[in-house]
Every structure is written in structure tokens, then in C-alpha cells.
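Listed below are the residues making up each chain.
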Amino acid sequence: MKLIVNGDDFGYSPGQNLGIIKAHEIGILTSTTAMANGEYLEEALALAAPYENLGIGVHLIMDCGTPILPPDEIPSLVDSEGNFRKYREDQPVRIDQNELFREWSAQIDKLIGHGVSPTHIDGHHHMHLHPDLLETTLMIAEKYQLPMRYLPFYHTDKEKKLIDESPVKMFTGLTDFYKDSVTFEYFTDFRKDHNYPEDSVLEIMCHPAYLDDIIYQRSSYNIHRVKELVILTSPSIKASLESQKITLGNVRDFMSNSI
């Protein structure tokens, strides 16, 4: 079994950046996805520079912070103050898809301009998989020849048909290492609890971090990030995965970029 352990929100805050780097340096984290509009993006990339085995993908944003493009170029995406609008995953998203395509392209281009060779894409709050946005996501993935995180439970037959017909490469994202499931047993019992074919490429979404004022004040998911860091850096967890014959790597280790 092939397993990617991906730290989301790289660039969000100093504590998030340090947690992701520590979880990679001494733990089982193999990959991260960077927020192009993150206030601490440059710091994140500087910290990551010595770690050539840390895969860096793109955490596509449309509902957090400010856009890369000028707000007047993407009016359907922003509020009166120029910030991204907020959306609920279970509600329709009525925006100009061309504006979203241009903004997401700008986010990827910014990271490439900073020297990142992206391994893959995913989305903040899984918005890249929202039924109203999926076609645009697939267009972005095709444009940049990037694999993407896919959550099989997320879609109806209509969206699954789009996925099946797309040339974009997918890997299965796991969202169950979260809140009450952030335990040592999650990894020690991983094989037993995740019955997938042996050739599967699975990815665990996580958010290991040191608690700082940004995370504490702005995120409802805060203390659990610290708990994640403790677990992901435990030598016993790495040994357990090895004993279960689970191979760790980043997206590029398991999948080529070419479509």
C-alpha cells in the first residue's frame, strides 16, 4: 500500500509552517500543499528549501483571505472589501467560472514563480470538488498536468461521470484523521481500518502545527493540530507503518505529472 501524508495550509501561519516542517523532518509527513495567498508563504518555502523529499502541491483557495488577482478583475469571487467570499459545501456556488479559472491559474503561477514544482492540487475546505466547481478544477489540473486529491464519497453519478471521462490523474484522499479520530490507533490499526486494494495510492489530509495566535484566533480547528503533530512525529508510528508494509512517499513518488 502506498501512502501520502499531506499537511494542508502551508503558508497560513508560523506555527503551521513549523509544524509541517517538523512532521516531515522527524515524522511521517511526506507532502504539503501551499496557500499561494498565505500571509506566511515566503517563510514556508524558505523553511522547506532544504528538504528535497518534501512534495509541495497547491492548496487552491477561493474562500479564505484575499485573492492573487486584483479584486476588480474577479468581482464574483470577492466581497465589498476585496476578500474572498465564504461558501458552504452543501450550498450552490454561483460565480463566474472564468474568473475562478484565472484566479486559480494565478495561484499556481505564483508558486511556480517562487521556484515550486507543484506535485498536485487540492482545495481549501475541499472546494475544488464542489459540484459547481468540478469542471473548472479539472480544467486547471489539465492545464498544469497535475494529479488531484479526490474524495470518492463527495459526488453523485453526474460528477463521477465527469471524473471517469477526465484524463486527470486522481488519488484517494482520506479525511478521517480529524478531530476525535486524531489518535495513535489511527495509524497502528491503519491496515485493518482502511481496506483498499494493494496498489492504491492513498493520501491522509492533516494539519500538524504549533499553536500560535493566528491559529488560535482564526481557526476552530486548533488544539487538534498540536495533537496531530505529536502523533505524526512519534517514532512508534513510523515503525508501525513499516511493520504493516505501508510505503510512504509524496505524489511524485507514486504518480507522474503527465496526463
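Residues numbered from 1 in each chain as written. Predicted model: local features only at pLDDT ≥ 70, side-chain atom pairs only at ≥ 80, totals over all residues. Heavy atoms only, no water.

Quick word on a nonpolar patch on the surface
Residues Leu211, Tyr216 and Ile223 make up a contiguous nonpolar surface patch of roughly 320 Å² in combined accessible area. Secondary-structure assignment places Tyr216 in helix H8 (residues 213-218). (Patch = residues over 30% accessible without salt bridge, like charges linked within 9 Å, V, L, I, M, F, W, Y side chains within 5 Å. Areas by Shrake-Rupley, 256 points an atom, 1.4 Å probe, with all protein chains shown as cover. Salt bridge = Lys/Arg side-chain N within 4 Å of Asp/Glu carboxyl O. Helix = DSSP H or I, 4+ residues; strand = E, 2+ residues; numbered from the N terminus.)

A word on the nonpolar core
In terms of nonpolar packing, the biggest core is built from 73 residues, with Met62, Ile121, Phe177, Phe187 and Phe190 touching the most fellow members. Ile121 has contacts with Val58, Leu60, Ile108, Thr137, Ile140, Ala141, Leu146, Pro147, Met148 and Arg149, leaving out every residue within four places of it along the chain. Listed in part, the 6 residues of the second largest apolar core include Ile4, Phe171, Val251 and Met255. (Core = buried A, V, L, I, M, F, W, Y, C linked by side-chain atoms within 4.5 Å. Buried < 20%, exposed > 50% of the residue type's maximum accessible area, 1.4 Å probe, protein only. Contact = heavy atoms within 4.5 Å.)

Quick look at the side chain of Asp63
Note on placement: Asp63 falls in the loop between strand E3 (55-60) and helix H3 (97-113). Here Asp63 sits buried without a salt bridge, and the closest side chain of opposite charge, Lys86, lies 6.3 Å off (N-O distance). Among the polar contacts made by the side chain of Asp63, one reaches the side chain of His125 at a distance of 2.8 Å. Once residues within four sequence positions are removed from consideration, Asp63 is found in contact with Phe84, Arg85, Lys86, Tyr87, His124, His125 and Met127. (Lys, Arg positive; Asp, Glu negative; His and termini not counted. Polar contact = N/O pair within 3.5 Å; in protein donor to acceptor, adjacent residues only side chain to side chain.)

Observations concerning helix H9 (residues 223-232)
When H9 is considered as a whole, its buried residues turn out to be Arg225, Glu228, Leu229, Ile231 and Leu232. Down the axis of H9, the buried side of the element spans an arc of 165°, and every buried residue falls inside it. Taken together, the buried residues of H9 touch strand E1 (2-10), helix H1 (14-25), helix H6 (184-188), strand E7 (201-206), H8 and helix H10 (235-243). (Arc of directions from axis to C-beta.)

Comments concerning the packing of H1 against helix H2 (residues 41-48)
In contact at an axis separation of 10 Å, H1 and H2 are set at 20° when each is read in the N-to-C sense. In terms of orientation, H1 lies roughly parallel with respect to H2. The hand of the H1/H2 crossing is right-handed. Judged by residue contacts, Pro14, Asn17, Leu18 and Ile21 of H1 engage Glu43, Ala44, Leu47 and Ala48 from H2. Looking at side-chain class alone, the contact of H1 with H2 contains 6 nonpolar, 1 polar and 1 charged residues. (Axes fitted to C-alpha atoms, helices over the stretch in contact; angles between N-to-C directions. Parallel < 35°, antiparallel > 145°, perpendicular 65-115°, else oblique. Left-handed = near helix turned anticlockwise from the far one by under 90°. Nonpolar A, V, L, I, M, F, W, Y, C, P; charged D, E, K, R; others polar.)

With respect to the environment of Gly173
Here Gly173 shows up in strand E6 (residues 170-174). A relative accessible area of 5% means that Gly173 is categorised as buried. Residues Gly173 and Val5 lie 168 residues apart in sequence; the distance between their C-alpha atoms is 9.8 Å. For Gly173, the contacting residues outside a window of four places in its chain are Arg149, Tyr150, Leu151 and Glu203.

Looking at the pattern of salt bridges
Within this structure, the stated rule accounts for 11 salt bridges. A salt bridge links Asp132 to Arg94; its shortest N-O distance comes to 3.8 Å. Remark: Arg94 occurs in the loop between E3 and H3 and Asp132 occurs in the loop between strand E4 (121-123) and helix H4 (134-144); sequence separation between them is 38 residues. Overall, the relative accessible area of 28% leaves Asp132 in the partly exposed class. Accessibility expressed as a relative area gives 67% for Arg94, which makes it exposed. For Asp122, the salt bridge identified is with Arg149, shortest N-O distance 3.0 Å. You can see Asp122 sitting in strand E4 and its partner Arg149 sitting in strand E5 (residues 148-150), a full 27 residues away along the chain. Classification of Asp122 by relative accessible area gives buried; the value is 0%.

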